[in-house]
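Structural description and commentary
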Amino acid sequence: MEGNGGITSHITSGDKSVRGKICYPFTQPIWWLTLPIRWGVSSFFGMLFGAEVQKALWRNLTAANFLTSARFGLLVYALSLFFSDTPLARQTEILFFAIVTDFFDGPLARNNDEVTELGTYLDHTGDWTIAVWVFFLNFWYGALPLLMLILAFAILPLLLSVYMMKFKKFFDPESSVLANLKGFAAEELQTDVWGRLQFVLLAIALFGGLFVASADDPAFLFSSWVTAFSAATRTRLIELTFLLFVFLGGYSTRDALNYSEAQAKKFREKLRQLKNSS
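Residues numbered from 1 in each chain as written. Predicted model: local features only at pLDDT ≥ 70, side-chain atom pairs only at ≥ 80, totals over all residues. Heavy atoms only, no water.

Helix and strand counts for the protein chain stand at 11 helices and zero strands. The secondary structure elements of the protein chain, listed N-terminal to C-terminal, are α-α-α-α-α-α-α-α-α-α-α. Counting only residues that meet the buried cut, the protein chain has 40% of its 278 residues in that class. The contacts of the protein chain with a sequence gap of at least 6 include a subset with a gap of at least 24, amounting to 78%. As displayed, the protein chain has an accessible area near 15600 Å², and 69% of this comes from carbon and sulfur atoms. (Helix = DSSP H or I, 4+ residues; strand = E, 2+ residues; numbered from the N terminus. Buried < 20%, exposed > 50% of the residue type's maximum accessible area, 1.4 Å probe, protein only. Contact = heavy atoms within 4.5 Å. Areas by Shrake-Rupley, 256 points an atom, 1.4 Å probe, with all protein chains shown as cover.)

Below is the structure:
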């Protein structure tokens, strides 16, 4: 397992390095644009409530967290489109742009050494909230077979349950709940290359269903891309990505279950070191 972990760590590091270089020209302007807002808000509330509040706001009001938060804004907009009976094609476009932010917020944070626990939780919550809504849209519009949706959705509560049990086992009673949550995010919720690939495969399968269902709408932004493939090819691609997602879902579950008392002890010791140093 240690050998596999080392290989995974090496591949993950390489993946993050490559994505960081690719994203830098696109994301760094966002950093500069949000800098005055970050400085102004943190300074203002710092004058009112003190240096600790200013430091906390400066740490968390990062460009990456702004970008991640935009995912929630786009999701709310997509929800409003659904309830106003807007065509599926328009809803799909907004949701697609929302999920694309996931490719950029991580590199933006790492390129500027601004990875935060808040950003980690926002990132995962945003990703899976959109995934659940896209699940629903596929069901509502009959875009993908029901059995496929049930099998894919079953993996999500399983993984969530595993991580909840893991957090309970790692929990250090001598540290605050907030410290435990921050430490758990830093140690356990940083996505490795396999977790990212798993989510990408799920997104391709789910958005594939919506893209195919929207392909006949001439107003759909990606209509020409989708119709360039035959119906049979589209179906096979969605099925293949779905099967790979299920396979990696089993791997991720097994990996998440692979925790020991030694790991838990190491986690608690690290929390206490951070507590003592502060």
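Here the narrative resumes, following the displayed structure.
Turning to the pattern of salt bridges, a few remarks are in order. A complete count under the given rule lists eight salt bridges for this structure. Ionic pairing is found between E114 and R38, a salt bridge with its closest N-O pair at 2.7 Å. Taken together, the residues span a long stretch of sequence, with E114 in the loop between α4 (88–111) and α5 (117–140) and R38 in helix α1 (residues 2–49) at a distance of 76 residues. Neither E114 nor R38 differs from the other in exposure class; each is buried. Note that R71 is salt-bridged to D123, the shortest N-O span being 2.9 Å. Residue R71 is located in helix α3 (residues 63–83), and its partner D123 is located in helix α5; the two are separated by 52 residues in the primary sequence. Here R71 matches D123 in class, with each residue buried. Taken together, the salt bridges that share partners define one network made up of R71, D102, D105, D123 and D127. (Salt bridge = Lys/Arg side-chain N within 4 Å of Asp/Glu carboxyl O.)

With that settled, consider the layout of surface pockets. The volume enclosed by the second largest pocket comes to roughly 740 Å³. Around the second largest pocket sit 26 residues that line it, and F96, V200, A203, I204 and F207 are the ones nearest its centre. Residue assignment for the lining of the second largest pocket shows that the elements contributing at least two residues are α1, α4, α8 (193–214), α9 (223–227) and α10 (231–257). If one sorts the elements of the lining of the second largest pocket by residue count, α8 sits on top with 11 residues. In terms of residue class, the lining of the second largest pocket is made up of 19 nonpolar, two polar and five charged. (1 Å grid on protein atoms, 1.4 Å probe; cavity = no way out; pocket = protein on both sides within 12 Å on 5 of 7 lines; lining within 4 Å. Points joined across faces, edges and corners; volume = space filled by probe spheres on them. Nonpolar A, V, L, I, M, F, W, Y, C, P; charged D, E, K, R; others polar.)

Further remarks concern the confidence of the model for the protein chain. Of the residues in the protein chain, 84% reach a pLDDT of 70 or more, and the chain-wide mean stands at 85. By mean pLDDT, the top-scoring element of the protein chain is α3 (97), and the lowest-scoring one is helix α11 (residues 261–277) (63). (pLDDT = per-residue confidence, 0-100.)

Look at α4 against α8: their axes get within 10 Å of each other, and the N-to-C directions meet at 165 degrees. It follows that α4 is roughly antiparallel to α8 by the angle criterion. Where α4 crosses over α8, the two elements pack in a sense that is left-handed. Counted together, L88, A89, T92, L95, F96, I99 and D102 of α4 and R196, F199, F207, L210, F211, A213 and S214 of α8 form the full contact between these two elements. By residue class, the composition of the contact of α4 with α8 is 10 nonpolar, two polar and two charged. (Axes fitted to C-alpha atoms, helices over the stretch in contact; angles between N-to-C directions. Parallel < 35°, antiparallel > 145°, perpendicular 65-115°, else oblique. Left-handed = near helix turned anticlockwise from the far one by under 90°.)

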